[in-house]
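Descriptive structure summary
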Protein chains: 6
Amino acid sequence: PQSPVAIGLVPSILSADFSRLGEQVREAEEAGVQRIQIDVMDGHFVPNITMGPLIVEAVRRSTSLPLEAHLMITNPEHYIEAFARAGADVIIVHQETCPHLHRIVQQIKEAGKQAGVALNPSSPVWLLEDILSLLDLVLIMTVNPGFGGQEFIPETLPKIARLRQQLTERQLHCDLEVDGGINEHTAPLVVRAGANLLVAGSAVYNGRESVAAAVERLRRALAFT
Amino acid sequence: PQSPVAIGLVPSILSADFSRLGEQVREAEEAGVQRIQIDVMDGHFVPNITMGPLIVEAVRRSTSLPLEAHLMITNPEHYIEAFARAGADVIIVHQETCPHLHRIVQQIKEAGKQAGVALNPSSPVWLLEDILSLLDLVLIMTVNPGFGGQEFIPETLPKIARLRQQLTERQLHCDLEVDGGINEHTAPLVVRAGANLLVAGSAVYNGRESVAAAVERLRRALAFT
Amino acid sequence: PQSPVAIGLVPSILSADFSRLGEQVREAEEAGVQRIQIDVMDGHFVPNITMGPLIVEAVRRSTSLPLEAHLMITNPEHYIEAFARAGADVIIVHQETCPHLHRIVQQIKEAGKQAGVALNPSSPVWLLEDILSLLDLVLIMTVNPGFGGQEFIPETLPKIARLRQQLTERQLHCDLEVDGGINEHTAPLVVRAGANLLVAGSAVYNGRESVAAAVERLRRALAFT
Amino acid sequence: PQSPVAIGLVPSILSADFSRLGEQVREAEEAGVQRIQIDVMDGHFVPNITMGPLIVEAVRRSTSLPLEAHLMITNPEHYIEAFARAGADVIIVHQETCPHLHRIVQQIKEAGKQAGVALNPSSPVWLLEDILSLLDLVLIMTVNPGFGGQEFIPETLPKIARLRQQLTERQLHCDLEVDGGINEHTAPLVVRAGANLLVAGSAVYNGRESVAAAVERLRRALAFT
Amino acid sequence: PQSPVAIGLVPSILSADFSRLGEQVREAEEAGVQRIQIDVMDGHFVPNITMGPLIVEAVRRSTSLPLEAHLMITNPEHYIEAFARAGADVIIVHQETCPHLHRIVQQIKEAGKQAGVALNPSSPVWLLEDILSLLDLVLIMTVNPGFGGQEFIPETLPKIARLRQQLTERQLHCDLEVDGGINEHTAPLVVRAGANLLVAGSAVYNGRESVAAAVERLRRALAFT
Amino acid sequence: PQSPVAIGLVPSILSADFSRLGEQVREAEEAGVQRIQIDVMDGHFVPNITMGPLIVEAVRRSTSLPLEAHLMITNPEHYIEAFARAGADVIIVHQETCPHLHRIVQQIKEAGKQAGVALNPSSPVWLLEDILSLLDLVLIMTVNPGFGGQEFIPETLPKIARLRQQLTERQLHCDLEVDGGINEHTAPLVVRAGANLLVAGSAVYNGRESVAAAVERLRRALAFT
């Protein structure tokens, strides 16, 4: 039985309309989401190039919500300061790209930001054993990072549960976020497994409905978990 | 004496307001510019991460002007198709990142696009000797690529002239574009040296004046060259 | 007590005579082996360059046995389709080269092939915890990959046993293959520890005896395990 | 007017049948070719993985012709000794992969082998200005390296001529080899431009005719140049 | 309760005065330390470049103490022989840089030297599960490698204890060394947690006191643990 | 006929005794040399690891002579500030490692230091055509960088002459330095070809004679050029 933490919705702008990004972000804010995620891809760690500090700045000017910069890039140590200056509140790096994970977590904190670490679907949670107590957030990828609109990988549910258990046992106050394939069907599953922050891309920005309607649909799906 | 080619203005969105990108692009189109340039940086070839195919798509939906994707990335061969599909009309790669420059030029053309090659300030033009006849555009960088708002490097003027001379002598129909530090003071210099396409970033998008006014100012500067 | 799975012999052509490869492969097929393994090395992940898709094609034309392509290469994601088209039935990548292991397993399956993951001697089996249920085969290296004719590393036996235990406990139908230093002395050891597919290179192709005699010798060694 | 050097034919085994490589090589030897070329690709410098020292050894055992190892690999310095030991007589590295080109030429010569340098279609010949007097062979690629069966790039003809002129002016005894798209139509062109060694892949090994017939066809095409 | 192993002090010359290195090393030897550590950094694995085999040779000529070469470099396999020849007695590589950790341990032993493996603060000890029985030394980094004078990370204490427990349970004779932020306050903590070799840099070489006095101070701090 | 510039001797400490570096540097200063060179190698650009900023600091404290840091490293842009802070007066990077050569020259000058560019033996001088007017020094390598004690490559003499001619024609005040195999036999040759700064390693530090005697011997050899 999971502790009664509040569940937060975190729209990812990866699926938003970039010709009117400010508007899209404000729509999410008005719909009452908790944070905004910005998916930074460098075409090296993942097979896509997306956006960088300039986009973080543009989002920063458009909302007062906390911003997460999810760095799907190799050598993220060279860009922590740029994303901090651009206005990110939480900076998330991938365990798979950081042999010096402890140093980069220090670097993020010295920049005055919250530090998160993301794990690919195939990376076991105990790779974080010695760093977990210093983290503000762990992001369990529930798809392979690189593109919006992918299908949720159900094999990640036991992994979410395993991490929640460790956080509970070690009494750590660390957000457990999930990202990938989150919609009204999968959201209840990941929350039951132990996630408390849910990134949603195409479920929020999809062109078929308003952002408000999309957020409301996700909220209702979570109401009875 | 340079042939009387028409001079084209190519605003770079690197300095635009990304919260209302569609609008910014339409302002440039209405001001009568010839093309739009999209500065793609991967944080590996250059020390900045900017934008990728998603932004090209958003610009594509906002204008009918020709779009140039300037790929300041390593291993660009992995991304030609993505930028072609996203709607770029001209794809520009850097000589410094392409040991197989001939293959990538073929790849761009097979994708049905115009092929350009960019040269850093320190890269001599004769590095293009054996590929020049196949190119639609050469981009001479007049600053070190990576950031908007840098100062024009005057040492690049003889290099522009040297390339113009080669194009004339070999009777090649290839655009000679310059990028970096272009404003009303430097624009006449590069045109006199031989450039016929001028990328302008902060001279067009600067928050001090309307895009229309900025473009008009650049045009006047060029009127008597 | 290990489940009574049939033990399969998988000759590796790394030690075969490449001037008459078709013949060498047919000799193995006639000797009744289960599969053929093709050792692909790129000179980057391992300190040797061996062979690629062209050799897989040549082997494919020479036998109807299932073919395993063991990719000892970095960035294997760029070559999955080439090896699938060339005729490999099982494609094995190394955990150490795949930060996005889940994606490449999906990629192999989407190409219609069986997916295997190899582990170097020093890589613990629980690195596969979150991907194991999706695999068709795990290959435990019993030498350091790179060359034929190396000596079996006995420290890998408890590791084989540990993986077999996990497969049994989680009721997973996944082949447990070993590769390196397998001969009539070590074959019984790895089978007792839990392996069910045994790659053999110089024990099968050695120039001292016929392939048929070599295979028979290995079979007898396994008869009483 | 080019000096009356004898023209040599160098079949590349890239297009041969690898299931009976020894036989294919002997067919070429019997047809009277001058050398055999072995195309080594590592999947990093070029987008294909082909073969390594083991194949050189197999070819070595099958013929007494001189063997050329054309190393289309990054960091070739790690593999010079392996290819020398395997039986290559000429070792060719790419200018594009060797910032320390002078050292690797020394390394090849210290291994007792002839040293060649290959240039991609887009690499100008004067990149070899300071090393030319030490080379036994320059290989001008007339297609982008990576695959057999590509079409000849006519833009390379002036480049061949430019190199021939330099060799003549500087009175250097250095083979000028070409590789890519060589057949009965292009062979006379490259010879007239100044090449004296012609690598031929699919023109020699093509499954439509015997190796002897293919070689004879190429010879006739060259008879009247 | 930890087994009564003798505690060894290992000054790192990273903080020594390099203009009189021989003298500084002799001062440490006279103060009765057990070994000398040489911190090799390549500017790639860690953000600093320090020293290489030439410095090991100079230290070798200055003392008869055992020398440890701590290789904070990528691709250490290319430098094992150089450091062995230069006079290192123990060669320590990082787990994070060695996908083929087992091979490099063999390589160190074949060079006649003791083999150690270092772990960054964020790397869990069970990454060494399958290699531990072959090691002479494990080095637990208690700061992020790269610079002298950093502050001890207390989160590493449970990790030291976890490794000591494994060594005891598996009855392995393997040194457990710690490096980073060791001084009279932290030395007792790491010894109680299970370390038996303590690297000390700025605590030994600090310009405020003689090496003898510094060593004596550390010894006193350890006297009552 | 070369302009009557004064010839400067620049001992490289690569061949010095590192156990008493301060002393060795002072001996050179007393012998009247013009500068000291510090050979920084990272084991990536060249096959040796030597020294970094800490050694520059130690040399800085030992002499008031100008110090040159010769960076034989990849990605030198990350280390310019460290070498400037450590006390280097001239910072030399390799053309072969700097696709953004112009930026790094700016970076060196912004750090208040003189900027030099080194060329490997096989790199033609016109690769510097567009940057030459901004340089304080060009270093022509007369051996392949990596080790002390190598033999002078005579093929570099015409290259030195070619660069001297360009400097003269373009009236540039830029030092022309040579490095590698310089001794009393080769020193007159490089000076006649146009060099004005001569790096000497084992000719100055060789253990057979005093530094003063070695320097005197080189001076005499130069007296009548």
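Residues numbered from 1 in each chain as written. Chains lettered and ligands numbered in written order. Predicted model: local features only at pLDDT ≥ 70, side-chain atom pairs only at ≥ 80, totals over all residues. Heavy atoms only, no water.

The next thing to look at is the environment of Ala-28 of chain B. Residue and element names in this part refer to chain B. Relative to the assigned elements, Ala-28 resides in helix H1 (residues 21-30). On the basis of relative accessible area, Ala-28 is assigned to the buried category, the value being 0%. When neighbours within four sequence positions are excluded, Ala-28 is seen to be in contact with Pro-11, Val-33, Ile-36, Tyr-205 and Val-211. (Helix = DSSP H or I, 4+ residues; strand = E, 2+ residues; numbered from the N terminus. Buried < 20%, exposed > 50% of the residue type's maximum accessible area, 1.4 Å probe, protein only. Contact = heavy atoms within 4.5 Å.)

The phi angle of most residues is negative, glycine excepted, and most peptide bonds adopt the trans form. Positive phi values are uncommon outside glycine, yet Asn-75 of chain A reaches one of about 50°. Within the element layout of this structure, Asn-75 of chain A appears in the loop between strand E3 (67-72) and helix H3 (80-86). The phi torsion at Gln-171 of chain D lies on the positive side, around 50°, for a residue other than glycine. Residue position: Gln-171 of chain D is located in the loop between helix H5 (157-169) and strand E7 (175-179).

Counting residues at the interface gives 21 residues for chain B and 13 residues for chain F. In this assembly, chain B packs against chain F so that about 1,300 Å² is buried in total across both faces, 50% of it on carbon and sulfur atoms. Remark: the boundary between chain B and chain F carries three salt bridges. Linking chain B to chain F there are 10 residue pairs in polar contact (both at pLDDT 80 or more). (Buried area = accessible area lost by both parts, 1.4 Å probe. Salt bridge = Lys/Arg side-chain N within 4 Å of Asp/Glu carboxyl O. Polar contact = N/O pair within 3.5 Å; in protein donor to acceptor, adjacent residues only side chain to side chain.)

Attention now moves to helix H4 (residues 101-110) of chain C. Residue and element names in this part refer to chain C. Most of H4 is tucked away, with seven of its 10 residues classed as buried. All buried positions along H4 are accounted for by Leu-101, His-102, Arg-103, Ile-104, Val-105, Gln-107 and Ile-108. The inward-facing, buried residues of H4 abut helix H3 (80-86), strand E4 (90-94) and strand E5 (114-119). Phi for Gly-112, located one or two positions after H4, is positive at around 80°.

What follows concerns the relation of the copies chain B and chain F. Expressed as a screw transformation, the operator carrying chain B onto chain F has a rotation angle of 120° and an axial translation of 0.0 Å, and the superposed copies differ by an RMSD of 0.0 Å. Such a combination of rotation and displacement between the chain copies is what one expects of a three-fold axis. If distances are taken from each C-alpha of chain B to the rotation axis, the shortest is found for Leu-127 of chain B, at 5.1 Å. When you check the interface residues of chain B against chain F, a mere 10% turn up at the interface there too, and the two sides of the contact use different surfaces. (Least-squares fit on C-alpha atoms with pLDDT ≥ 70 in both.)

So, on to the sheet that holds strand E8 (residues 197-200) of chain F. Residues and elements named next belong to chain F. Taken together, the eight strands give an open sheet; going across it, the order is E1-E8-E7-E6-E5-E4-E3-E2, and neighbouring strands pair in parallel fashion. The open sheet has two edge strands with one neighbour each: strand E1 (8-11) and strand E2 (36-41). Strand after strand, the sheet turns through a mean of 25° between neighbouring axes, direction not considered. One ladder, built from five bridges, connects strand E6 (residues 137-141) with strand E7 (residues 175-179); its direction is parallel. Its bridge partner lying in E7, Met-141 is registered against Asp-179. (Pairing = 2+ DSSP bridges. Axes fitted to C-alpha atoms, helices over the stretch in contact; angles between N-to-C directions.)

For the rest of this paragraph, the subject is the pairing of strand E7 (residues 175-179) of chain B. All names here are of chain B. Where burial is concerned, most of E7 is hidden: five out of the five residues are buried. In terms of strand pairing, E7 meets strand E8 (residues 197-200) through three bridges, oriented parallel. Within the sheet, the bridge partner assigned to Asp-179 lies in E8 and is Val-199.

So, on to the pairing of strand E7 (residues 175-179) of chain A. Residue and element names in this part refer to chain A. Here E7 shows a buried face lined by Asp-175, Glu-177 and Asp-179 and a second buried face lined by Leu-176 and Val-178. In terms of handedness, the path from strand E6 (residues 137-141) via helix H5 (residues 157-169) over to E7 forms a crossover that is right-handed. Chirality of the crossover, the property in question, places the unit of E7, helix H6 (residues 187-193) and strand E8 (residues 197-200) among those that are right-handed. (Right-handed = clockwise from strand over helix to strand, strands pointing away.)

Before going further, it helps to spend a moment on the arrangement of the chains. The two partners chain A and chain D share no contact, and the minimum distance between any of their C-alpha atoms is 15 Å. A gap remains between chain C and chain F, which never touch, and the nearest two C-alpha atoms on either side lie 14 Å apart.

Let us look at helix H7 (residues 211-223) of chain A. All names here are of chain A. The first and last C-alpha atoms of H7 sit 18 Å apart over 13 residues, in line with the 18 Å expected at 1.5 Å per residue. Taken together, the buried positions of H7 are occupied by Val-211, Ala-214, Val-215, Arg-217, Leu-218 and Leu-222. Relative to the axis of H7, the buried residues are bounded by an arc of 155° and lie together on one face. Relative to its buried face, H7 has exposed residues pointing more than 90 degrees away, namely Arg-220 and Ala-223. Tucked into the core, H7 has its buried residues touching strand E1 (8-11), helix H1 (21-30), H6 and E8. (Expected span 1.5 Å × (residues − 1). Arc of directions from axis to C-beta.)

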